[in-house]
Amino acid sequence: KRILCPLDPKHTVYEDQLAKHLKKCNSREKPKPEFFIQDINAGLKDETEVPEQLVPVSSLSEEQLENLIKKLRKASKGLNSTLEDHIMSHPALQGALSDPKNGDSAIKHLKQQASILGNIEKLKLLGPRRCFVEFGAGKGKLSHWVDIALKDAEKVHFILVEKVTTRFKVDGKHRRKNSVFERLQIDIQHLCLNKIPVLREGKLPVVGIGKHLCGVATDLALRCLVETCAASYEERSEEPLAKRVKNDKTEKEINTLPKERSEKSVAEKRTPVAGIVIALCCHHRCDWRHYVGKEYFRALGLGAVEFHYFQRMSSWATCGMQDASLESSDTAPERRRDLTEESGQHGGGEGRGAGLLTVEEKKKIGHLCKLLIDQGRIQYLEQKGFHPALQYYTDPMVSLENVLLTALPVHSSSPETTA
């Protein structure tokens, strides 16, 4: 008789072999590795900021929704809502892109990977003697193409971070002698990069990469890179990494974020992070506790409540494109459910207030929500000594989540200086 595994009900086991199975089940609790530090990238938890229960967007009255939209428009005033197009490609993927065996779904993924790779190269991050850390690695295909593009580059290490067991990984397909692949099954929230032997001993510059790094995972990855990774490089100096922005700054100062101040506070700092290239995704899955842009929101007079509704309303950016988003191959099943709920196809999500908005209005509001959340990340990176930027990296017909976040350290435009 087969029964559900008590450690993971997603699979079954013969009842008379249960004891033996529990000793080797992949879901059993394993000893924590050295680089596991509970909640190291989680951010500070302030329970007083988040009310115990917030009503869904669908339950907001017309007046409540109007007030939220007014706050959103005021906060985002002055932000450049039109990003530059950095849609690129790379020779490493030309063969795969022209292979007739690849269907539409595969081609969409390849186009995105080619553009990300092209942007990595444009930022002069594609080279020898460095460590590429792929967050939310999944099958590891982005690292796979980076490895192919590097050809004969020496001393290249790849760390693939993924919290769940993944099938059909491409890790075993790498044959280059000069590159090493290491997969870590760990939640980014608990990952301390400077405890990983190759980074602690090898002192390799780190390039953080990711394709469609979901909502909260982006914030966890940013904190992992620019705080916990940098901590050991600075040998835990008592001097702060960057000055904090005062809460009494004017709205104009916050939106413009003078580069002179940021550069003065960190210009002489060196960081082990050579660069960051992350394709953003699923803002509706962000979390106030983990969000890196809290100071930015607070300085604009916003808090946990506004953030909660803005991140839920961010999915409105795909309004009118519901069918396309549901059919898209890079829209995971759980994300399809979220899109359906947020777009009003489940439980009357339009709500009393949202139902009065046109599809086009909702799309614009959704994009503003995404932009504001991303602007908080931009400010965070500037405070930590980076030159960040947002750009479109692929056509919306290829992926609705088509914004790429890049960042280079202020002190250098090339990682060679940190090698």
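Look up: the structure comes first, before these words.
Quantities reported herein were computed from a predicted structural model and do not represent experimental measurements.

Draft legend 1. Quick look at the pattern of salt bridges. Considering all chains together, one arrives at ten salt bridges under this definition. Across the pair Arg-200 and Glu-34 runs a salt bridge, and its minimum N-O distance is 2.9 Å. A residue pair is termed long-range when its members are at least 10 positions apart, and Arg-200 in helix H6 (residues 197-202) and Glu-34 in the loop between helix H1 (18-24) and helix H2 (62-76) qualify at 166 residues. Among the charged side chains, a salt-bridge network with shared partners connects Glu-34, Arg-200 and Glu-201.

Draft legend 2. Region of interest: the packing of helix H4 (residues 104-122) against helix H5 (residues 141-150). In the contact formed by H4 and H5, the axes pass within 10 Å of each other and the chain directions differ by 55°. With respect to H5, the element H4 is oriented oblique. Relative to H5, H4 is oriented so that their crossing is right-handed. Counting all contacts with H4, which are made through Leu-110, Gln-113, Ile-116, Leu-117 and Ile-120, the residues of H5 involved are Lys-141, Leu-142, Trp-145, Val-146 and Ala-149.

Draft legend 3. Unusual backbone geometry, seen in detail. Look at Lys-124: it is not a glycine, yet its phi comes out positive at around 65°. In this structure, His-212 is a non-glycine residue whose phi angle is positive, near 55°. Within the fold, His-212 resides in strand E7 (residues 206-214). You can call His-212 buried: its relative accessible area is 14%.

Parameters at a glance
- Residues numbered from 1 in each chain as written.
- Predicted model: local features only at pLDDT ≥ 70, side-chain atom pairs only at ≥ 80, totals over all residues.
- Heavy atoms only, no water.
- Salt bridge = Lys/Arg side-chain N within 4 Å of Asp/Glu carboxyl O.
- Helix = DSSP H or I, 4+ residues; strand = E, 2+ residues; numbered from the N terminus.
- Axes fitted to C-alpha atoms, helices over the stretch in contact; angles between N-to-C directions.
- Parallel < 35°, antiparallel > 145°, perpendicular 65-115°, else oblique.
- Left-handed = near helix turned anticlockwise from the far one by under 90°.
- Contact = heavy atoms within 4.5 Å.
- Buried < 20%, exposed > 50% of the residue type's maximum accessible area, 1.4 Å probe, protein only.

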